[in-house]
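# Breakdown of the fold
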Amino acid sequence: MSLQKIQSVRGMNDILPDEAEFWELLEETLRRWLKMYGYRPLRLPIVEPTPLFKRAIGEATDIVEKEMYSFIDSLNGEALTLRPEGTAGCARAVIQHNLAAQHAQRLYYFGPMFRHERPQKGRYRQFHQVGVEAFGFPGPDVDAEQILMGARLWNDLGLPDISLQLNTLGQAAERSRHRAELIAYFEDHRLHLDDDAQRRLHSNPLRILDSKNPTMQALIDGAPRLFDHLGEQSLAHFSSVQQVLRDAGVPFTLNPRLVRGLDYYNLTVFEWVSDRLGAQGTVCAGGRYDGLVQQLGGKPTVACGFAIGVERLAALLRDADGEVKALPVDVYLVHQGEAASRLAARVAENLRDHGLDVLFHCGGGNFKSQMKKADASGAPVAVIIGDDEAAVGEATFKPLRNDLGTDDGTIDSQRRVKVDQLAEEITQHLFRQDDD
Ligand code: ATP
Ligand code: MG
């Protein structure tokens, strides 16, 4: 009888080495980019109390209504949820540790998020975000800076066709006037509303504007606009953001239907969208959320942030670059015989002391089969130690990729080297081949 194989949970993917190696490179780029703007890292729990999300995101949202992985801690009865996004937890941490009391803060975090959605390309149940949040900056300058950050990142990554959509949600009072008009309008057209819209009509009518249902688009296009209810301050904030973008030469499209899936936004909202990702085109989304900290019981603290969907960004990069090559190690260490293997283990550590990446052959086998593995590893150098070499404290240095040639036209050939000179020989060889 064979046991049934256990598979990963639907929509929760293993990130295998080729992809994970690529993610690590991407994360390095992202960290450098965040540092360039003075953002500092934060590591947050993956599980938070369920009420945090209900209060932060809003009861009448897709996430809270149907996408959260919530459970009761069987040991103490506490209601817990796997985080569906990072902003709520970040704001909670800022409040809990009084982070923004003295200075405004620029913060970021990386990590998995969980939403019970229908898995499809670019949409998973466990996915990853880079979250970028600034607390305590009231002006439009920080909104604009965060948008410019995005523009720089796409540019640095060689992704020219990600476009910017921009809108303002005004302030709560302005929204509530608009809301009343919106409800009246949709009530007049009640027969054309789909089930979701009917349900949201009184709880969250703004979200109807976000509907992806094609049969509702004409109705939505004719709906009253929030823009007509904005006061002087909101308008000034919005035009200042636009001014910075124009000065920096970052093109954008004003999209009055951009309302974001979460309730906590006000003033500036934006999305970076690619048309190369099919229906899941938004790579990055964010905006201002001045009320959230207070809504969670903290002292009034304005804030602004955005999140990048890592799977979608990685898909775009793959699409642009084709196959991403894994970086090989520097050295494959081949060894046979008892004395040789003991020396080889020491040599491997010694080479690592000199900063070289070493694949130490494990699992025995004759020289021929080990050399095949060395070739397949992609390493530019094999080091071979047999009992002959071990007896005199030497190793054989063998360049594996001489076809590449060297800068000065010389070709390194296989030779015996004292083990204590090995690191130097290899480093010089790699250096000579470096520019190929
Ligand atoms: P969508 O409209 O695509 O559902 P959203 O408004 O729910 O997105 P946000 O909560 O703003 O998304 O999350 C920010 C970013 O995280 C998105 O722009 C997207 O790149 C990514 N993202 C969101 N949900 C998923 C998911 N289920 N799978 C993969 N990436 C996701
Ligand atoms: Mg969503």
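This text goes with the structure placed above it.
What comes next is a walk through the structure. (Residues numbered from 1 in each chain as written. Chains lettered and ligands numbered in written order. Predicted model: local features only at pLDDT ≥ 70, side-chain atom pairs only at ≥ 80, totals over all residues. Heavy atoms only, no water.)

### Focus: the site of ligand 1
For clarity, the threshold we go by: Residues are classed as near a molecule or strand on a simple rule: at least one heavy atom within 4 Å of it. We call two N or O atoms a polar contact when they sit within 3.5 Å, provided that within protein one can donate a hydrogen and the other can accept it, with sequence-adjacent residues counted only if both atoms are side-chain atoms. With residues, only the protein chains shown are counted as cover, and all accessible areas are computed by Shrake-Rupley using a 1.4 Å probe. By definition, any uninterrupted DSSP run of H or I lasting at least four residues is a helix, any uninterrupted run of E lasting at least two residues is a strand, and each is numbered from the N terminus. Amino acids outside the nonpolar list (Ala, Val, Leu, Ile, Met, Phe, Trp, Tyr, Cys, Pro) and the charged list (Asp, Glu, Lys, Arg) are all regarded as polar, and Gly is one of them.
Around ligand 1 there are 15 residues in total, and Arg 115, Glu 117, Arg 123, Arg 260 and Thr 282 lie nearest to it. A distance of 2.9 Å separates a nitrogen atom of ligand 1 from a polar atom in the backbone of Tyr 124. A distance of 3.3 Å separates an oxygen atom of ligand 1 from a polar atom in the side chain of Arg 312. For ligand 1, the accessible surface in isolation is 590 Å², of which the surrounding protein chains cover 91%. When contributions to the shell around ligand 1 are tallied by element, the ones reaching two or more residues are β6 (126-135) and β10 (282-288). Here the shell around ligand 1 gets four residues from one element, more than from any other, and that element is β10. Among the residues forming the shell around ligand 1, the class breakdown is five nonpolar, four polar and six charged.

### A word on the sheet that holds strand β13 (residues 358-360)
What links the strands of a sheet is backbone hydrogen bonding, and the strands pair in either a parallel or an antiparallel sense. Inclusion rule: Strand pairing is assigned whenever DSSP detects at least two bridges linking the two strands. Convention adopted: a line fitted to C-alpha atoms gives each axis, helices being fitted over their contacting stretch, and angles between N-to-C directions are expressed from 0 to 180 degrees. In what follows, residue pairs with any heavy atoms lying within 4.5 Å of each other are defined as contacts.
An order of β13-β12-β14-β15-β16 is seen for the five strands of this open sheet, with the pairing classed as mixed. A single partner strand is all that each edge strand has here, and the edge strands are β13 and β16 (415-418). Neighbour to neighbour, the strand axes of the sheet diverge by 30 degrees on average, direction disregarded. Inspection of the sheet shows strand β14 (residues 381-385) paired to strand β15 (residues 394-399) by four bridges, in the antiparallel sense. Paired with Ala 382 across the two strands is Lys 398, which belongs to β15. The sheet contacts of helix α13 (residues 367-377) involve β12 (331-335), β13, β14 and β15, and relative to β12 the element is tilted by about 175 degrees. On top of the sheet, helix α15 (residues 422-433) reaches β12, β14, β15 and β16; it is set at about 10 degrees to β15, its chief contact.

### Let's talk about the pairing of strand β4 (residues 79-82)
As defined by bridge partners, strand β2 (residues 47-49) adjoins β4 across three bridges and the pair is classed as antiparallel. The partner of Val 47 across the bridge, within β4, is Leu 82. The turn joining strand β3 (residues 69-72) and β4, which pair antiparallel and follow one another in sequence, is formed by six residues; a positive phi near 75 degrees is taken by Gly 77.

### A word on a negative patch on the surface
The line we're drawing: Note that patches include only residues with greater than 30% relative accessible area and no salt bridge, and the join distances are 9 Å for like charges and 5 Å for nonpolar side chains (Val, Leu, Ile, Met, Phe, Trp, Tyr). Put simply, a salt bridge is a Lys or Arg side-chain nitrogen that is within 4 Å of an Asp or Glu carboxyl oxygen. We treat Lys and Arg as the positive residues and Asp and Glu as the negative residues; His and chain ends play no part in the count. Just so you know, the charge point we use is NZ for Lys, CZ for Arg, CG for Asp and CD for Glu.
Together, Asp 18, Glu 21, Glu 24 and Glu 28 make up a region of like negative charge exposed at the surface. Mapped onto the fold, Glu 28 is located in helix α1 (residues 17-36).

### Regarding the packing of aromatic side chains
Here is the rule we go by: Only the six-membered ring of Trp is used, alongside the rings of Phe and Tyr, when aromatic pairs are assigned; centres must lie within 6.5 Å, and planes under 30 degrees apart are stacked while those over 60 apart are edge-to-face, with the rest tilted. Burial status follows relative accessibility: with a 1.4 Å probe on protein chains alone, a residue under 20% of its type maximum counts as buried, one over 50% as exposed, and anything between as partly exposed. Remark: a charge is flagged as sitting over a ring if the NZ atom of Lys or the CZ atom of Arg is within 6 Å of the ring centre and within 35 degrees of the ring normal.
Here the structure, examined in full by the defined rule, presents eight aromatic pairs. For the pair Tyr 185 and Phe 186, a centre-to-centre distance of 5.3 Å together with 65 degrees between the ring planes defines the contact as edge-to-face. Here the two residues Tyr 185 and Phe 186 agree in accessibility, since each one is buried. Centroid distance Phe 270 to Phe 306: 6.1 Å. Interplanar angle 55 degrees. Geometry classified as tilted. One end of the pair, Phe 270, is in strand β9 (residues 266-274); the other, Phe 306, is in strand β11 (residues 303-309), and 36 residues separate them in sequence. Here the two residues Phe 270 and Phe 306 agree in accessibility, since each one is buried. Members of the aromatic cluster, joined through ring pairs, are Trp 33, Phe 270 and Phe 306. The ring of Phe 22 has Arg 318 sitting right over it, with the charged end atom 5.0 Å from the ring centre.

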